[in-house]
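Fold and geometry: a report
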Amino acid sequence: MFRTIQVKLPFENSLVETAVAFNKACQIVVNYGSQHKIHNKDKLNKATYRQVREAIPNFPSALVQTARDQASEMLKRTNYAKIVKKRLSVRYDNRTFKFYPETNHVSLTTVQGRLNFPFNHYSYLDTWKGAYTNAQLIIRKKQALLNVQVDVPDVEVKATGKVLGIDRGVLNVAVCSDNTFFDSKHSRAVKGRYRYLRRRLQHVGTRSAHRKLQRLSGRERRFVLNINHCISKAIVNKPCDVFALEKLRITRTKENGKRFNRLLGSWSPNELERFIDYKAESRGKLVLLVNPYKTSQRCSKCGFVHRWNRHALDFHCGSCGFSLNADLNASRNIEMLGKAEHLRLCVNQPIVVSDEALPTDNGDDSYKPCLSRHSS
Ligand SMILES: [Zn+2]
């Protein structure tokens with residue numbers, strides 16, 4: 001599995017000059033490629049290598065090649081659009097950088113030759129060890145950051161098969177089938193405060209108000225990020241090996257209404273899913289995505305499905321009279337689907353529609369369950 005570790009390097013001229021030269025080299029290749037509609041790396045290299053070396057004489061040859069690779073990918077991605085690379089960044093491969101976490105330094109190829117840069121030691125440098133395959137230097141806001149990709153050996157998947165169903169929602173960020181609730185009361189209050197501040201600052205409209213707004217946006221983003229990290233960590237540390245989540249698709253349409261769309265906009269279930277997935281992977285646990293069809297209308301006790309079973313936050317079964325919190329009921333249904341799905345994977349049968357696990361009144365035959373992690 002691949003992990004990215006970020007270290008902060010000293011903000012030195014050599015790094016900034018390298019990043020500026022890299023952008024310039026990249027731009028020359030992008031301009032040529034978009035003009036001649038070429039994205040093939042070989043052809044681009046033959047056509048532009050000499051031009052780049054002449055334009056930037058002190059730019060190392062190995063970096064010319066990584067710049068050309070990046071330009072080729074940009075051309076392919078944007079379908080030969082004439083783009084301008086603004087973000088100051090440099091791509092390094094195993095020829096142009098070497099990472100030494102034991103002695104806390106990194107050696108990088110720059111326009112001033114090969115140089116060593118120190119960085120502070122972080123505890124995750126000890127846990128994520130492996131082959132350091134490539135890196136990206138980012139120059140931003142008077143900071144030099146290096147993202148290093150590490151190929152960490154895979155953790156063996158445990159298969160005791162204890163499944164935890166997780167229901168994600170707007171009011172409750174996550175509800176687990178073992179009766180754990182993670183509500184969004186605090187985060188909604190903080191987001192509301194930011195929204196109010198934002199509205200007031202937008203009304204003021206001065207330059208300093210604009211600067212303040214930019215600072216605020218980053219702070220709010222980091223707040224949400226932290227909450228999702230905390231919740232996902234608490235979930236994957238539970239004594240379960242398989243986590244079942246719904247396969248969600250969020251659609252913001254006009255019919256939803258402004259208020260509901262705003263709630264949806266500030267909701268980040270996909271980010272939570274991504275965090276749960278990678279944290280589970282490093283602990284040798286599995287994440288399964290199941291069909292969300294009627295999970296909130298089905299009784300987790302008797303299996304009766306009806307849309308009147310659910311009354312806002314409460315669930316009340318029209319057949320057996322079972323009552324429960326609606327999200328908790330849904331999470332128990334998800335757990336059941338997860339168990340069926342896990343069993344199916346264990347016996348290693350070809351993929352078939354697994355809706356027989358859910359006695360619904362109308363099976364969605366187009367749905368095929370899938371593993372969220374493709375490598376396992
Ligand atoms: Zn029932």
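Keep in mind that this is a model prediction, so the values were computed, not measured. (Residues numbered from 1 in each chain as written. Predicted model: local features only at pLDDT ≥ 70, side-chain atom pairs only at ≥ 80, totals over all residues.)

Quick notes on the overall build of the protein
Helix and strand counts for the protein stand at nine helices and 16 strands. Once the C-alpha set of the protein is aligned to its principal axes, its extents read approximately 80 × 60 × 45 Å. Sorting the 376 residues of the protein into buried and exposed places 32% on the buried side. Across the protein, contacts joining residues at least 24 apart in sequence account for 66% of those joining residues at least 6 apart. (Helix = DSSP H or I, 4+ residues; strand = E, 2+ residues; numbered from the N terminus. Buried ≥ 20, exposed ≤ 12 C-beta atoms within 10 Å, placed from the backbone. Contact = placed C-beta atoms within 7 Å.)

Concerning unusual backbone geometry
The residue Lys142 is not glycine, and still its phi comes out positive at about 55 degrees. Relative to the helices and strands, Lys142 resides in the loop between strand E6 (131-140) and strand E7 (143-151). Non-glycine residue Lys294 carries a positive phi angle of around 60 degrees. Here Lys294 shows up in the loop between strand E12 (286-290) and strand E13 (310-311).

Details of the domain arrangement of the protein
When the domains of the protein are assigned, the result is domain 1 (2-151) and domain 2 (163-371). A straight line from the C-alpha centre of domain 1 to that of domain 2 covers 38 Å. (Domains from an automatic or database assignment.)

Concerning the nonpolar core
Ranked by internal contacts, the top residues of the largest apolar core, which has 36 residues, are Phe22, Ala25, Ala67, Ala71 and Leu137. The biggest single contributor to this core is helix H1 (residues 13-36), with eight residues. In this view, Phe22 contacts Leu63, Ala67 and Val90; residues no more than four positions away in its chain are not counted. Of all hydrophobic cores here, the second largest spans 33 residues; its members include Val236, Leu272, Leu289 and Ala340. (Core = buried A, V, L, I, M, F, W, Y, C linked by C-beta atoms within 7 Å.)

Here's the deal with the sheet that holds strand E14 (residues 314-316)
What the three strands build is an open sheet, ordered E13-E14-E15; its pairing is antiparallel. The open sheet has two edge strands, E13 and strand E15 (323-325), and neither has a second partner. Where helix H9 (residues 326-346) meets the sheet, its contacts fall on E13, E14 and E15, and the angle it forms with E15 comes to roughly 95 degrees. (Pairing = 2+ DSSP bridges. Axes fitted to C-alpha atoms, helices over the stretch in contact; angles between N-to-C directions.)

Describing helix H5 (residues 185-204)
Because an α-helix packs 3.6 residues into every turn, residues spaced three or four apart end up facing the same way. For H5, which comprises 20 residues, the first-to-last C-alpha distance of 29 Å matches the rise-based estimate of 28 Å (1.5 Å per residue) to within 8%. Sparse coverage of H5 is indicated by the burial of one of its 20 residues. (Expected span 1.5 Å × (residues − 1).)

Notes on the sheet that holds strand E4 (residues 105-110)
Strand order in this open sheet of three strands is E3-E4-E5, and the pairing throughout is antiparallel. Two strands bound the open sheet, and with one partner strand each, they are strand E3 (97-100) and strand E5 (113-118). Averaged over all pairs of adjacent strands, the angle between strand axes in this sheet comes to 20 degrees, irrespective of strand direction. Bridge count between E4 and E5: six bridges; the pairing is antiparallel. Looking across to E5, one finds that Leu108 is bridged to Leu115.

What to know about the pairing of E3
The alternating pattern of E3 places Phe97 and Phe99 on a buried face and Lys98 and Tyr100 on a face that is not buried. Sheet topology note: the E3/E4 ladder contains four bridges and is antiparallel. Counterpart to Lys98 in the pairing with E4 is Ser107. Turn length for the E3-E4 hairpin, with the two strands adjacent in sequence and antiparallel, is four residues, and the turn residue Asn104 shows positive phi of about 55 degrees.

Things to note about the packing of H5 against helix H6 (residues 207-236)
Running from N to C, H5 and H6 point in directions that differ by 165 degrees, and their axes come no closer than 10 Å. With respect to H6, the element H5 is oriented roughly antiparallel. Considering the relative orientation of H5 and H6, their crossing is left-handed. For the pair H5 and H6, contact is made by Ser187, Val190, Lys191, Tyr194, Leu197, Arg198, Leu201 and Val204 and by Ala209, Lys212, Leu213, Leu216, Glu220, Phe223, Val224 and Ile227, respectively. Tallied by class, the residues present in the contact of H5 with H6 amount to eleven nonpolar, one polar and four charged. (Parallel < 35°, antiparallel > 145°, perpendicular 65-115°, else oblique. Left-handed = near helix turned anticlockwise from the far one by under 90°. Nonpolar A, V, L, I, M, F, W, Y, C, P; charged D, E, K, R; others polar.)

A closer look at the packing of helix H2 (residues 41-55) against helix H3 (residues 61-78)
One way to put it is that H2 packs onto H3 with a least axis distance of 10 Å and a crossing angle of 130 degrees. Taken together, H2 and H3 sit at an angle that is classed as oblique. H2 and H3 meet at a crossing whose hand is right-handed. Across the interface between the two elements, Lys41, Leu44, Asn45, Thr48, Tyr49, Val52 and Arg53 from H2 touch Val64, Arg68, Asp69, Ala71 and Ser72 from H3. Classifying every residue of the contact of H2 with H3 by side-chain character gives five nonpolar, three polar and four charged.

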